Amino acid sequence: MNLLVPFLGLLALTQALSPFENSSWPITHHDSWNSDASPHPGPRVKSSLHAKRTLLLPRDLHPFTIADPISLVTSHSDTIIWASSISSVVALSRKSDGSLVLEAAHYRALNFEFHGAYSLAHRNGLYYTTSDVSIQAYSYDPVHKTIMVEHNFTLTDLRDGEHLIGLSALATSSAELVYCTSYGVVGVIEASLSKDSKPVSLQLPGLNEAAMPEKLVSNSFAVDDDCGIYVVTSVAVNKAAYTESDQSLKLAWSTSYSDGQDPWLMGRLGPGSGSSPTLMAASSDQINKPGYVIITDGRVSPMSILAFDAESGALSASAAVDFGDPEGLGSAVTSEQSVVVADRRAMVVNNYVVDQVGIFCGKIFPSLPVNDVLVHSCPMMFGKHAFGIQQFELVDDNDGVLWSVTWSNGDVSCTSSIPGLSTKIPMSVFCLGRRGRTFTLESVDWDTGKSLWYKALGCSLAWNSQYAGTEIGTHDDVIMGTLTGVLRVSSSNGETPEDWTDTDDPRWVALQNIQEGADAGNIPVNVGHRAAREVLNI
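Keep in mind it's a predicted model, so treat the numbers as computed, not measured.

1. With respect to helix α4 (residues 506-519)
Point 1. Taking 1.5 Å per residue, 14 residues should reach 20 Å; α4 reaches 20 Å between its end C-alpha atoms and fits that length.
Point 2. Along α4, the residues classified as buried are R507, W508, L511, Q512, I514, Q515, G517 and A518.
Point 3. Each element contacted by the buried residues of α4 is listed here: α2 (358-364), α3 (372-381), β28 (428-435) and α5 (525-536).
Point 4. Following α4 by one or two positions, G521 has its phi on the positive side, about 85°.

What follows is the structure, given as C-alpha cells:
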C-alpha cells in the first residue's frame, strides 16, 4: 500500500473542514465531502473494550420523542459534544479520560419530519441545527450549564409540507450556511441569521418527474472547497455553484439517474438514492479538488454504485452491488447510507429489509398515529437488519474509469448505521451491527474486508443507532447516538472491561415484546394494536 495516500487524503479533509470548528467530528459525516473518515484510530483490541450507554432524555417524554438517531458533532478541542434529536438539543462534556457527561438539554417543539440529523459546529463557535422550517444556532454557557438560543431564523417561503433536510457551510471568508429542503430547494444564508438575512435560493429540477415531489430530497448533500454544492434528488445528481463575490447561486449541471418513479421501500427514508453524495478526489496530486461524486442508486435488482464526473456531471462508472453473492444475498439489495470513501476506494452497506417487515411494522404500527417517515423506518427501529458490505475501487482504463470489486463480506451487518472509517494504519471501518438478537459494534479491515472483531452490546432496542453515524472519537473510542441516548465503546487500557448501562425505558421494552410476539404469530393484530396504544398512552 502507498502510505502517502491516506496522509494526502487527510490533508484534503483538513481543507474541507475550514468552515467548521477545529475538532475531531464537526459535522454529521465528519467533513463537507461526507467521507465519514477520521485520522483517529478508534478502539482496536477486542479483549479490552468497554461499552457504556446512557439515557439522555427523561422518561416522562413521549417514547417516540426519543425514537431518533441523536446525531453528534464536536466543538473546539472536543470539549463539548452536541447532540440533536426530534425534541431537543443536548450538550455533553468530554472528560480527560474520554467519558461523556450530560451537561444541559434544551427542549423544543417536536419535529417528526426532520430530527436535526444534519448539524454542524461552525468556526464562529456556535452549534447549528434545524427544525422543520427554521435554522437555529446555539451556544453553551459552562458557568451556568445552560444552552443558549443565539439565533432562530424561520424560512418563510417554504411550500405547505416542505421542510429542511440538510445543513452545511461554505469555505468562504464568511463561512455562509447552506441548506436544502425536501422539495429540492438549495439555499445559502449568512451565518449571523439576523432578522434581515435574505437567503439566496435555487430550485433544483425534477419536481415534475418525481412521483413524490414532497420527498424529492431525503438525505443531505456535499460541499467542495470551491463552493460547489452536490445534491442528490430522487431523480438526479445535481451540482449548484455559489459565487461569493456577487452572492449568486446557479445550477452547474444536473444528471438523471432515475425516472423518479422508484418506490419508497420499507426501511428507507425516501425514494430514489438512499445516500448522501460523497466526494472523491480526482487523484492523489489533486487532493483538494473533487474528481467524482459517489452515490448508490437505491434500486433493488440490482442496486448500482455510481461515479459522476464532478466537473461535467457525466456518469463515469457504474457497477452492480451484489456483496459477492449475486444469486443469493445480492439478488435484492438497497442502501440508505452514504458511501464511505478513502482515496479511490468506496464501501457500500446493505439495508434491504423489505422481506423482514413482519406483522408489527406491516399492520400494527401503521395503524397508530404516526407519519409516513416513522412507518417506513419501523423495520429499522425494531431491529430488522440486512447483511452485506462491499468495497470497490475506481480504476483507470483506456476509456476513462471503471469500478473494480476489491472485496465482499456477506457475514457482517451494519444495521442502519452510517459506517465510520479510521484512516490510521492499519485502516479499519466500524459500524453498529446485529448478530441474532444482539446488537454489536463491528470492526472490519478496510484493505481486506475481513472481520477483525465484534463487541456484543445487548438485545435491547436502546442499543439501536437508528440511522445514526458511527463516529470515531479522540480517546481510542467510537461514539454514536442511539434510540434513547449515546453509546460509547472504548479501549480500557488493559483494565478489566466493565459494561454499564442505564435501566431501559420500560415502554421500549414493552413495544419490543409486542413487536416480537406479533411477528412470531403469538399476538393477534387487534391485541397488538390495543397493547401498543396502551403503551404509548394514545
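Having seen the structure, we can now continue with the description.
2. Digging into the state of the cysteines
Point 1. For the coordinates displayed, the defined rule picks out two disulfides.
Point 2. In this model, C361 is linked to C378 through a disulfide, with the two sulfur atoms separated by 2.1 Å. Of note, the bridge from C361 to C378 carries an S-S torsion of about -75° and is left-handed in sense. Remark: C378 occurs in helix α3 and C361 occurs in helix α2; sequence separation between them is 17 residues. The two residues C361 and C378 agree in class, both being buried.
Point 3. Across a sulfur-sulfur distance of 2.2 Å, C414 and C431 are joined as a disulfide pair. Disulfide C414 to C431: torsion about the S-S bond roughly -75°, handedness left-handed. Pair noted here: C414 is in the loop between β26 (400-413) and β27 (420-422) and C431 is in strand β28, with a separation of 17 residues, a long-range link. In terms of burial, C414 and C431 fall into one category: buried.
Point 4. Cysteines bonded in the chain are numbered consecutively along the chain; their disulfide partners then correspond to 1-2, 3-4.
Point 5. Between C180, a free cysteine, and C227, which holds the nearest cysteine sulfur, the sulfur-to-sulfur gap is 16 Å.
Point 6. Here C227 falls in the buried class, since its relative accessible area comes to 7%.

3. Details of the sheet that holds strand β17 (residues 236-243)
Point 1. Pairing within the open sheet is antiparallel, and its four strands lie in the order β15-β16-β17-β18. Each edge of the open sheet carries a strand with a single partner, namely β15 (222-223) and β18 (248-256).
Point 2. Relative to β18, β17 runs antiparallel, the two being bridged by eight bridges. For K239, the partnering residue across the bridge sits in β18 and is W253.

4. A word on the confidence of the model for the chain
Point 1. On average, residues of the chain score 89 in pLDDT, and 91% of them are at 70 or above.
Point 2. This stretch, residues 1-17, has a pLDDT under 50; its non-local contacts, to residues over four places away or in other chains, come to 29 contacts.
Point 3. This model gives residues 494-502 a pLDDT under 50, and the stretch forms 19 contacts once residues within four places in sequence are excluded.

5. Things to note about the environment of D36
Point 1. Mapping D36 onto the fold places it in the loop between α1 (4-16) and β1 (37-38).
Point 2. Measuring from C-alpha to C-alpha, the distance between D36 and G420 comes to 5.2 Å, with 384 residues separating the pair along the chain.
Point 3. A polar contact of 3.0 Å, which involves the side chain of D36, links it to the side chain of H29.

6. Description of the packing of aromatic side chains
Point 1. Taken as a whole, this structure holds nine aromatic pairs when the rule is applied.
Point 2. A ring pair is formed by F430 and W453, whose centres lie 6.1 Å apart and whose planes are at 50°; its orientation type is tilted. Here F430, found in strand β28, pairs with W453, found in strand β30 (residues 451-458); they are 23 residues apart in sequence, far enough to count as distant.
Point 3. Residue classification places F430 among the buried positions, given a relative accessible area of 1%.
Point 4. Linked through ring pairs, F360, F365, F382 and W508 together constitute an aromatic cluster.
Point 5. Between the NZ or CZ atom of R434 and the centre of the ring of F439, over which it lies, the distance is 4.2 Å.
Point 6. Positioned above the aromatic ring of Y454 is the side chain of R435, whose terminal nitrogen or guanidinium carbon lies 3.8 Å from the ring centre.

Cut-offs applied
Residues numbered from 1 in each chain as written. Predicted model: local features only at pLDDT ≥ 70, side-chain atom pairs only at ≥ 80, totals over all residues. Heavy atoms only, no water. Helix = DSSP H or I, 4+ residues; strand = E, 2+ residues; numbered from the N terminus. Expected span 1.5 Å × (residues − 1). Buried < 20%, exposed > 50% of the residue type's maximum accessible area, 1.4 Å probe, protein only. Contact = heavy atoms within 4.5 Å. Disulfide = S-S within 2.5 Å. Pairing = 2+ DSSP bridges. pLDDT = per-residue confidence, 0-100. Polar contact = N/O pair within 3.5 Å; in protein donor to acceptor, adjacent residues only side chain to side chain. Phe/Tyr/Trp six-rings, centres within 6.5 Å; stacked < 30°, edge-to-face > 60°. Lys NZ or Arg CZ within 6 Å of the ring centre and 35° of its normal.

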